[in-house]
Amino acid sequence: MHELDVFRREIDRSLAVGHLADAVLEVVDVEGRSPVVVALDHERLPVLLRRIEAVGGYANVFVKTGSGVRRVSVMDVDGALDVREADDMRASDEQPSADSSVGVFVDYLLARPSGVVLPARLASAARAALPARQVEIVPSS
């Protein structure tokens, strides 16, 4: 089985009946659903952004890294709580590029407690990504 599929199953199980079953997912769509997207840290950032676009443009993102699992919230800039405090990647030269890995992006977010605003060239619309947080999952048995 592909590593991404295994990770997706671990997250699904953990959200349904595992350690994350009581976790509050910060991103909720207009219909009250909490879209979930998974990624591996070595995947390219545009691959992750396409997955997010496929579920409506915002999601609760779980990233498998070498040190565990990180959760990132991605939402429309208009829906972000206080986007004025976020680092604007649209105006910065020191940012992950389209060639960056998801892991590089997560590390970038860790250093920005107010999150970031993604440039349109990386996302099809303006998006805000909030800081990454370590989460615990219980591996599938």
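Residues numbered from 1 in each chain as written. Predicted model: local features only at pLDDT ≥ 70, side-chain atom pairs only at ≥ 80, totals over all residues. Heavy atoms only, no water.

S.K.: Explain the pairing of strand β2 (residues 59-65) to me, please; I cannot follow it from the model alone.
M.R.: Across a regular strand the side chains alternate sides, sitting on one face of the sheet and then on the other. Within β2, 6 of the 7 residues are buried, which leaves it mostly tucked inside the rest of the structure. Of the strand pairs in this sheet, strand β1 (residues 36-40) and β2 are connected by 5 bridges, and their pairing is parallel. Opposite V38, over in β2, you have F62 as the bridge partner. Chirality of the crossover, the property in question, places the unit of β1, helix α2 (residues 45-54) and β2 among those that are right-handed. (Buried < 20%, exposed > 50% of the residue type's maximum accessible area, 1.4 Å probe, protein only. Helix = DSSP H or I, 4+ residues; strand = E, 2+ residues; numbered from the N terminus. Pairing = 2+ DSSP bridges. Right-handed = clockwise from strand over helix to strand, strands pointing away.)

S.K.: So what exactly am I meant to see when it comes to the nonpolar core here?
M.R.: Nonpolar side chains in soluble globular proteins tend to end up buried together. Counting residues in each nonpolar core, the largest one holds 18 residues, and the members touching the most others are L48, I52 and V61. Residue assignment for this core shows that the elements contributing at least two residues are β1, α2, β2, β3 (68-76), α3 (102-110) and β5 (116-118). In terms of residues, this core owes the most to one element, α3, which gives 5 residues. Residues in contact with V61, not counting those within four places in the same chain, are V37, L48, I52, R70, R71, V72 and V74. F7, I11, L15 and V38 belong to the second-largest nonpolar core, a separate cluster that totals 10 residues. (Core = buried A, V, L, I, M, F, W, Y, C linked by side-chain atoms within 4.5 Å. Contact = heavy atoms within 4.5 Å.)

S.K.: Looking at this structure, I do not really get the side chain of T65. What am I missing?
M.R.: Mapping T65 onto the fold places it in strand β2. Taking the relative accessible area as the measure of exposure, T65 reaches 15% and is therefore buried. Residues within four places of T65 in sequence aside, it is in contact with D41 and R70.

S.K.: Got a minute to help me understand the confidence of the model for the protein chain in this structure?
M.R.: Interpreting fine coordinate detail is not advised for predicted regions of low pLDDT. Averaged over every residue, the pLDDT of the protein chain is 78; the share at 70 or more is 67%. Averaged pLDDT values for the elements of the protein chain fall to 52 in strand β7 (residues 133-135) and rise to 97 in β1. Of the regions scoring below 50 in pLDDT, residues 135-141 engages in 18 contacts with residues more than four places distant in sequence or in other chains. (pLDDT = per-residue confidence, 0-100.)

S.K.: Help me understand the side chain of E43, please; the structure alone is not making it clear to me.
M.R.: Tracing the backbone shows E43 in the loop between β1 and α2. Look at E43 and you get buried, because its relative accessible area is 13%. Once residues within four sequence positions are removed from consideration, E43 is found in contact with L4, R51, S100, S101 and V102.

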